[in-house]
Amino acid sequence: MHGEDLLPHQAAFLDWLVAESVSHQVDAVVVAGDIYDRAVPPVEAVTVLDRALRGFARAQIPVLLTSGNHDSAVRLGFGASLSEMAGVHLRTDVAEIARPVVLADACGDIALYGIPYLLPDAVMTDLGAERSHTSVLSAATALIRADAASRGIDRTVVTAHAFVSGALPCESERDISVGGIGDAPASVFAGLNYVALGHLHGQQDVRPPAGTSHIRYSGSPLAFSFGERHQAKSVTLVDIDGAGAVTTTKLAAPVPRRLEQVSGTLDELLALQDTGLADAWVKVILTDTVRPAAPMERLREKWPHTLVLDFAPEGELPGPAADLRRLARAADPAEICGLFVEFTSGGWPDEEQRAALTDVIECVQHADAQDSGSVTTLIDSGVQGGRPPGSAQAA
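Cut-offs applied
Residues numbered from 1 in each chain as written. Predicted model: local features only at pLDDT ≥ 70, side-chain atom pairs only at ≥ 80, totals over all residues. Heavy atoms only, no water. Phe/Tyr/Trp six-rings, centres within 6.5 Å; stacked < 30°, edge-to-face > 60°. Helix = DSSP H or I, 4+ residues; strand = E, 2+ residues; numbered from the N terminus. Buried < 20%, exposed > 50% of the residue type's maximum accessible area, 1.4 Å probe, protein only. Lys NZ or Arg CZ within 6 Å of the ring centre and 35° of its normal. Salt bridge = Lys/Arg side-chain N within 4 Å of Asp/Glu carboxyl O. Pairing = 2+ DSSP bridges. Axes fitted to C-alpha atoms, helices over the stretch in contact; angles between N-to-C directions. Contact = heavy atoms within 4.5 Å. Expected span 1.5 Å × (residues − 1). Arc of directions from axis to C-beta. Polar contact = N/O pair within 3.5 Å; in protein donor to acceptor, adjacent residues only side chain to side chain. Parallel < 35°, antiparallel > 145°, perpendicular 65-115°, else oblique. Left-handed = near helix turned anticlockwise from the far one by under 90°. Nonpolar A, V, L, I, M, F, W, Y, C, P; charged D, E, K, R; others polar. Core = buried A, V, L, I, M, F, W, Y, C linked by side-chain atoms within 4.5 Å.

Asker: Describe the packing of aromatic side chains, and please don't skip the residues or the numbers.
Answerer: Within the structure shown, the criterion is met by one aromatic pair. Look at phenylalanine 13 and tryptophan 16: their rings are 5.7 Å apart centre to centre, the planes differ by 35 degrees, and that puts the pair in the tilted class. Here phenylalanine 13 and its partner tryptophan 16 are both found in helix α1 (residues 7-23), three residues apart, which amounts to about one turn of the helix. By relative accessible area, phenylalanine 13 is classed as buried at 8%. Taking the relative accessible area as the measure of exposure, tryptophan 16 reaches 18% and is therefore buried. The residue whose ring lies beneath arginine 291 is phenylalanine 311, and the NZ or CZ to ring-centre distance is 3.9 Å.

Asker: Tell me what's going on with the pattern of salt bridges, and back it up with residues and numbers.
Answerer: Two side chains of opposite charge can pair, provided their charged atoms sit close to one another. Enumeration over the complete set of coordinates arrives at 13 salt bridges. For aspartate 50, the salt bridge is made with arginine 54, and the minimal N-O distance between the two is 2.4 Å. Linking aspartate 50 with arginine 54, this pair stays in helix α2 (residues 43-58), spanning four residues, or about one helical turn. Given a relative accessible area of 40%, aspartate 50 falls into the partly exposed group.

Asker: Now, about the sheet that holds strand β15 (residues 281-286): what can you tell me, with residues and values included?
Answerer: One open sheet holds the three strands; their spatial order is β14-β15-β16, and the pairing between them is parallel. Lying at the two open borders of the sheet, with one neighbouring strand each, are β14 (259-264) and β16 (306-311). Between one strand axis and the next, the sheet turns by 15 degrees as a mean value, whatever way the strands run. Direction of pairing for β15 relative to β16: parallel, over a ladder of five bridges. Following the sheet pairing, isoleucine 285 is matched in β16 by aspartate 310. Packed onto the sheet, helix α8 (residues 295-302) meets β15 and β16 and runs at close to 140 degrees relative to β16.

Asker: So what about the pairing of strand β11 (residues 214-217)? Which residues, and what values?
Answerer: A two-sided burial pattern is seen for β11, the buried positions comprising His214 and Arg216 on one face and Ile215 and Tyr217 on the other. In terms of strand pairing, strand β9 (residues 194-198) meets β11 through four bridges, oriented parallel. By the bridge assignment for β11, tyrosine 194 is matched with histidine 214. Sheet topology places strand β10 (residues 204-206) next to β11; three bridges connect them, and they run antiparallel. From the neighbouring strand, glutamine 204 faces β11, where its bridge partner is tyrosine 217.

Asker: Describe in detail the pairing of strand β4 (residues 101-105), supporting the description with residues and values.
Answerer: With five bridges connecting them, β4 and strand β5 (residues 108-115) associate as antiparallel partners. Bridge pairing in β5 links valine 102 to alanine 111. The antiparallel pairing of β4 with β5 creates a hairpin that spans two residues between the two strands.

Asker: Give me the lowdown on unusual backbone geometry, citing residues and values where you can.
Answerer: Unlike most non-glycine residues, glutamine 25 shows phi in positive territory, near 50 degrees. As for its placement among the helices and strands, glutamine 25 is situated in the loop between α1 and β1 (29-32). Residue classification places glutamine 25 among the exposed positions, given a relative accessible area of 68%.

Asker: Please provide a residue-by-residue account of α2, values included.
Answerer: The terminal C-alpha atoms of α2 lie 23 Å apart, and with 16 residues this matches the ideal 22 Å at 1.5 Å per residue to within 8%. Listed as buried for α2 are Ala45, Val48, Leu49, Ala52, Leu53, Gly55 and Phe56. Mapping the buried residues of α2 onto a view down its axis gives an arc of 150 degrees, with all of them on the same face. Those residues of α2 that are exposed and aimed more than 90 degrees away from the buried face are Val43, Glu44 and Arg58. Buried residues belonging to α2 abut α1, β1, β2 (63-66) and β3 (88-91).

Asker: Which residues make up the side chain of serine 21, and what are the values?
Answerer: Tracing the sequence through the fold places serine 21 in helix α1. Polar contacts involving the side chain of serine 21 include one to the main-chain carbonyl oxygen of leucine 17, which spans 2.7 Å. When residues no more than four places from it in sequence are discounted, the contact partners of serine 21 are Val26, Val29, Phe56 and Ile61.

Asker: Explain the packing of helix α5 (residues 120-127) against helix α6 (residues 133-151) residue by residue, including any values.
Answerer: The interhelical angle for the contact between α5 and α6, taken along N-to-C directions, is 40 degrees, at an axis separation of 10 Å. Here α5 is positioned oblique relative to α6, judged by the angle of their axes. Every pair of crossing elements has a handedness; the one defined by α5 and α6 is left-handed. Where α5 abuts α6, its residues Pro120, Val123, Met124 and Leu127 lie against His133, Val136, Ala139 and Leu143. For the contact of α5 with α6, the class distribution of residues is seven nonpolar, one polar and no charged.

Asker: Give me the lowdown on the sheet that holds β2, citing residues and values where you can.
Answerer: Taking strand neighbours across the sheet as the criterion, the three strands line up as β1-β2-β3 in an open arrangement whose pairing is parallel. Each end of this open sheet is capped by a strand with a single partner; those strands are β1 and β3. On average, each strand axis in the sheet is inclined to that of its neighbour by 15 degrees, with strand direction left out of account. Pairing analysis gives four bridges linking β2 to β3, with the strands arranged parallel. Note on β3: the bridge partner recorded for valine 63 is valine 88.

Asker: Account for the nonpolar core, naming residues and giving values.
Answerer: Ranked by internal contacts, the top residues of the largest apolar core, which has 32 residues, are Ile115, Leu118, Leu127, Phe189 and Leu197. Counting only elements with at least two residues in this core, the list comes to β5, α5, α6, β6 (155-161), β7 (163-164), β9 and β11. In terms of residue count, α6 provides more of this core than any other element does, six residues in total. Those residues within four positions of isoleucine 115 in sequence are excluded, and the remaining contacts are Thr66, Ile97, Leu137, Ala140, Thr141, Ile144, Val158, Thr159, Ala160 and His161.

Just geometry here; none of it tells us what the structure is for.
Here it is as structure tokens:
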């Protein structure tokens, strides 16, 4: 997240999840896609997942995992038959949609089905569906209902990776639109007891259609953007009784650091006292009209975990058109450099900056006078390079 390594915190979360699963004596753990954040995950991430799955296997807790839009279904599904012997049930293939993990309690069987992320272009032929999220999900759930009926199982849990209408997205989720439409109605899940959804990072319930007990996003276990700073991260503990009625309980996930956002001029922010931000991940929005020197370095002296620095100056910076008109009227190299400083920072260079610019310009002009123009000196870059006579110089 903005250069901050989250893997240690993800590992800590998974340790916590294994312990909570054992403590609550759960019958299964369901993960609704986006196991990884990229199709080819780093080795370290694979190692963290492997360690967690070994923990569930040792505790004899079945795990149902589906692939999400960030995952490579083929890579994630490798060795699925072997993993199943250890109680790790991977559902990454359309052909596996109607093959449930069947659990039993005193009231009978419960069937857990996994729907991987369904990219309509890739699966519509296999499912006999049209090119839309609604159509492919409808076809998938129809297969599930038919399979459950053939088994005589009345209680069904389905996990899917999708954007369901009425749910609230945030900025860190990848767009999955097809033909400009990225969502599907909750009605595609009608008749199922519990639907465990993945894709959206905020935990939330989705209003279910008639005949469906519960549809819920558990959300991501960690925040992945400052847009999620107000979200309370959790996992969902689900109880299903003999009649198929569902009760959910949120288990608050461990928080590695709070996410906070502050705005103001640099001087105002540095003068703040007792903010409690020293241990938080911080996003700063500076409102200075003139961009101050070394703002990130100065902010991190006060708040060491500042990750993001944005600028939203009060008033307006000079526009490109106006700046070009002023540049066309300028003949003095020092004035031209001053206009550039003003355009990039929002303010005219101060006396010390003007003196530095003048020194650089005079140095280049002196070099031109001494040398026929075969060498250009780049001040402060540590770079020297040849240039043809009469070409433009840079400092």
